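# Structural overview for review
One-letter residues, chain by chain:
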Amino acid sequence: MNPVLEIKNLSIDLHADRKKFNVINNVNLTINKKQKYGIVGESGSGKSLTSLSIMNLLPAPLNIREGKILFEESKDLTKLPNKEMLKVRGNDISMIFQEPMTALDPLYPIEHQIMEVLRFHGTYSRKQMKELAIEMLEKVGISRPKQLMAEYPHQLSGGMRQRIMIAIALICNPKLLIADEPTTALDVTIQAQILDLMSDLTENYDTSILMITHDLGVIAETCERVAVMYSGEIVEETTVENLFSNPTHPYTIGLLESVKSLGDRTRDLYSIPGTVPTPKQLTGGCRFASRCPYATAICREQAPPLFSVGTDHQSRCWLYGKEEVING
């Protein structure tokens, strides 16, 4: 199957205090056509930075040190001139940002904001743009699209704003949709509706999804394949079925254990001790070693590569040091 997006050996550095600090280290992943791919991890693990690098939206103190981001096999987004990237962004690759209230402009009505994408990427008349906008709002489950076109973001609920963000992201029929925590701050009922909506629409539009989330429940419900990120590295990568039936990395096991303990009143709530280290705190060795119950001397001294731990399953842990190395 031809991949829609390939990230190869991506490393990103933070420039601060006249020094360089590594924040994303040697990330590799492949997303195929119509595939739903998830990246999961705690806050500060590098999920959003990875997605921003795809969109070429990294803020100034950060830069890509090395690696490629190949779109449709031939187009390297890391080397694309800004003029060409503008044609890709919002058209071939769209993104739903984490907080719709800040992503939508409070000064303009919904009509202006959804039609702006069509003005930039198409050659439609105003009537055609309005018809397409209303049609898309209907597809994302908005019952009164004509009236809503004249309203402003502050007049709408969080679920409605998120549906509008999805409509804006999908109106140009993108080949890849990046969803960065699309259900954050929404109640459980609306979360389920948004996730079902995204799955249905992407099936109809032949769009691939990259789901960025800290919620393993979202991964289980929406994704086919998953990468677990910790401190800027992919520590485990496999199918969703493998991840839940046979987690191998101690970090993944800890994440799943914390979820399981939520539903068991007979057990104390489990949490992984410590916090994700900042880039300035990294000293070499395994980045999870300070929080890992299985850490040994080699874990603190040498950074582990990704090892093959089964069919279509990789884990970055010295516990599997005798297995085949996938990459650094």
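Note that this is a predicted model, so its numbers are computed, not measured. (Residues numbered from 1 in each chain as written. Predicted model: local features only at pLDDT ≥ 70, side-chain atom pairs only at ≥ 80, totals over all residues. Heavy atoms only, no water.)

### What to know about the overall build of the protein
Regarding its fold elements, the protein presents 12 helices and 13 strands. For a compact globule of 328 residues, the expected C-alpha radius of gyration is about 20 Å, and the protein comes in at 21 Å, within 12% of that figure. Overall size of the protein, expressed as C-alpha extent along the three principal axes, is 65 × 50 × 45 Å. Taking all contacts inside the protein whose residues are at least 6 apart in sequence as the whole, residues at least 24 apart take part in 63%. For the protein, the distance from the average position of its 35 positive side-chain charges to the average position of its 39 negative side-chain charges is 6 Å. (Helix = DSSP H or I, 4+ residues; strand = E, 2+ residues; numbered from the N terminus. Rg over C-alpha atoms; globule rule 2.2 N^0.38 Å. Contact = heavy atoms within 4.5 Å. Lys, Arg positive; Asp, Glu negative; His and termini not counted. Charge placed at Lys NZ, Arg CZ, Asp CG, Glu CD.)

### Focus on the environment of Asp196
Mapped onto the elements of the fold, Asp196 is located in helix H8 (residues 188–205). Its relative accessible area of 41% is what places Asp196 among the partly exposed residues. Taking the C-alpha atoms as reference, Asp196 lies 39 Å from Leu282; in sequence the two are 86 residues apart. (Buried < 20%, exposed > 50% of the residue type's maximum accessible area, 1.4 Å probe, protein only.)

### Focus on the nonpolar core
Within the largest apolar cluster, 59 residues are counted, with the highest numbers of intra-cluster contacts made by Ile114, Ile164, Ile166 and Met198. No other element matches the seven residues that helix H7 (residues 158–170) contributes to this core. Among the domains, domain 1 (3–92 + 174–327) and domain 2 (107–171) are the pair contributing at least three residues each to this core. The next biggest cluster of nonpolar side chains, apart from the first, holds 31 residues, and it includes Leu77, Met85, Leu176 and Ala227. (Core = buried A, V, L, I, M, F, W, Y, C linked by side-chain atoms within 4.5 Å. Domains from an automatic or database assignment.)

### Section: H8
Taking 1.5 Å of rise per residue, the 18 residues of H8 would be expected to cover 26 Å, and the 26 Å separating its terminal C-alpha atoms lies within 8% of that figure. Buried within H8 are the following residues: Ile194, Leu195, Leu197, Met198, Ser199, Leu201, Thr202 and Tyr205. The positive-phi residue at the C-terminal boundary of H8 is Asp206, with phi of around 55°. (Expected span 1.5 Å × (residues − 1).)

### Let's talk about the pattern of salt bridges
Taken as a whole, this structure holds 13 salt bridges when the rule is applied. In this structure, Arg65 and Glu66 form a salt bridge, with 3.6 Å as the shortest nitrogen-oxygen distance. Among the ionic pairs, Lys175 bridges to Glu72, the shortest N-O distance being 3.1 Å. Of this pair, Lys175 sits in the loop between H7 and strand E7 (176–180) while Glu72 is found in the loop between strand E4 (62–71) and strand E5 (75–76), placing the two residues 103 residues apart along the sequence. Since its relative accessible area comes to 35%, Lys175 is described here as partly exposed. Overall, the relative accessible area of 37% leaves Glu72 in the partly exposed class. (Salt bridge = Lys/Arg side-chain N within 4 Å of Asp/Glu carboxyl O.)

### As for the pairing of strand E2 (residues 19–32)
Burial analysis of E2 places 10 of its 14 residues in the buried class, which makes it a mostly covered element. Here strand E1 (residues 3–16) runs beside E2; their pairing, made up of 10 bridges, is antiparallel. From the neighbouring strand, Ala16 faces E2, where its bridge partner is Lys19. The turn linking E1 back onto E2 is made up of two residues, and Asp17 within it adopts a positive phi angle of 55°. (Pairing = 2+ DSSP bridges.)

### Focus: the domain arrangement of the protein
By domain assignment, the protein separates into domain 1 (3–92 + 174–327) and domain 2 (107–171). Taken together, the contacts link 18 residues of domain 1 with 13 residues of domain 2. Across the domain 1/domain 2 interface, buried area totals approximately 1300 Å², and carbon plus sulfur atoms make up 69% of it. Counting the surface domain 1 buries against domain 2, the share from its top three residues, Leu197, Leu201 and Tyr205, is 35%. For the pair domain 1 and domain 2, the number of links is zero salt bridges. Connecting domain 1 to domain 2 are three residue pairs in polar contact (both at pLDDT 80 or more). (Buried area = accessible area lost by both parts, 1.4 Å probe. Polar contact = N/O pair within 3.5 Å; in protein donor to acceptor, adjacent residues only side chain to side chain.)

### Overview of the sheet that holds E5
As summarised here, the arrangement of the four strands in space is E2-E1-E4-E5, forming an open sheet in which the pairing is antiparallel. In this open sheet, the two strands that pair with only one neighbour each are E2 and E5. Both E4 and E5 contribute to a ladder of two bridges, which runs antiparallel. Bridging from a neighbouring strand, Leu70 pairs with Asp76 of E5. Against the sheet, helix H1 (residues 47–54) makes contact with E1, E2 and E4, and its axis sits at roughly 115° relative to E1, the strand it touches most. (Axes fitted to C-alpha atoms, helices over the stretch in contact; angles between N-to-C directions.)

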